[in-house]
Amino acid sequence: MTARDTSWIDRFQGLSRLPEDLRRVLVNGSKVVSVPAGTQIFAPGQSADNLLLLLEGTVRVQQKSDTGREVFLYRVHAGESCVLTTACMLAFEDYAADGIAETDVTAVAIPRSTFDDLTARSPIFRQFVFTAYSRRITDLFTLIDDIVFQRMDVRLAAKLLELSGDGDVVAATHQTLANELGTAREVISRTLSEFHRRGWIEQARGEVRLSGREGLVRLARSAGEQ
C-alpha cells in the first residue's frame, strides 16, 4: 500500500462516498500502522490522539474494576473503528479502558488534526463517525442489559457458541470466559460443570469442546423467552 493509495477507504462503509479531494486529505493526513498480537494499543489515563480504523485483525476493549476484575466491553474487527477512541477524541477525555491487540493488527491511524478537519468539513465523514458511534453505544446498552437481567448459564451458552464459530473448540480458560462475561471465575467453573453434567461440553486445559451443541443452542435461545 503506497502513501497515496486510497483503496483502503472503500473497506469502511460510509467512507466510500467521500469525494476524491477529501479521500486524498484523509490518506495524506493519516498513516497505516501494524502491531503484533498482545500489544496494548491504549490504556486508562492515556490521551486519544488517533482514531483507529482496522484493516486487519481484532482489538479487544476491556475495563478493569477497582477489585481487579476485568470486564469485556467489545471487539473492534476489520472494517470498524473504535467507538471509545471516538468518544475520547470528541470529548477531549483520556481513555478509561484498555485496548489489546488480540491478533496481529493493521490499522489506519487518523490523527486529531485530520479527524477534526474532516469532521468539520465533510458531512459524509461526520456521518461515518456518528453512525459507528451510535451502533456501538447500542451494543453497550445490550451488554448492560445482559449483565443485569440475563441468567449466567444462558449468557455462557451464547458466548461459547459465539467463540466456537464454525468449529467445536473454544480456546479459553475459565478466567478468560469470566472476563468476557463480567463475572467471577468460580461462577464460570460451576456453570461449565453443569454443562458437562448435561453432556454439552468436554473440558481440557485451556479449552472447552462443544460435544452437545444442540443443548447449548436451546439454552441460548431461551433468552428470548424469559
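Residues numbered from 1 in each chain as written. Predicted model: local features only at pLDDT ≥ 70, side-chain atom pairs only at ≥ 80, totals over all residues. Heavy atoms only, no water.

> Explain the sheet that holds strand β9 (residues 201-204) here, please?
Within a sheet, each strand pairs with its neighbour through backbone hydrogen bonds, oriented either parallel or antiparallel. Taking strand neighbours across the sheet as the criterion, the 3 strands line up as β8-β10-β9 in an open arrangement whose pairing is antiparallel. Of all strands in the sheet, those bounded by a partner on one side alone are β8 (169-170) and β9. Here β8 pairs with strand β10 (residues 207-210) via 2 bridges, running antiparallel. Residue pairing in the sheet places V169 in a bridge with R209 of β10. (Pairing = 2+ DSSP bridges. Helix = DSSP H or I, 4+ residues; strand = E, 2+ residues; numbered from the N terminus.)

> What am I meant to see in the sheet that holds strand β3 (residues 50-56) here?
The strand order across the open sheet built from 3 strands is β1-β7-β3, with neighbouring strands paired in antiparallel fashion. The open sheet is flanked by β1 (31-35) and β3, the only strands paired with a single partner. Taken pair by pair, the neighbouring strands of this sheet meet at an average axis angle of 35°, ignoring direction. Alignment of β1 against strand β7 (residues 105-111), held across 5 bridges, turns out to be antiparallel. (Axes fitted to C-alpha atoms, helices over the stretch in contact; angles between N-to-C directions.)

> Explain helix α3 (residues 112-121) to me, please; I cannot follow it from the model alone.
Because an α-helix packs 3.6 residues into every turn, residues spaced three or four apart end up facing the same way. Turning to α3, its buried residues number three or more, namely R112, T114, F115, L118 and T119. Summarising the axial view, the buried residues of α3 lie within an arc of 165°, below the 170-degree limit, and thus occupy one face. Among the exposed residues of α3, those pointing more than 90 degrees away from its buried face are S113 and A120. (Buried < 20%, exposed > 50% of the residue type's maximum accessible area, 1.4 Å probe, protein only. Arc of directions from axis to C-beta.)

> When you look at the packing of aromatic side chains in this model, what are you seeing that I'm missing?
Within a pair of aromatic rings, the relevant descriptors are the distance that separates the centres and the angle that separates the planes. Counted according to the given criterion, the structure contains 6 aromatic pairs. With 6.2 Å between their ring centres and 85° between their planes, W8 and F12 make a pair best called edge-to-face. Relative accessible area serves as the criterion here: at 0%, F12 is assigned to the buried category. Their ring planes at 45° and their centres at 6.3 Å tell us that F125 and F128 sit as a pair that is tilted. (Phe/Tyr/Trp six-rings, centres within 6.5 Å; stacked < 30°, edge-to-face > 60°.)

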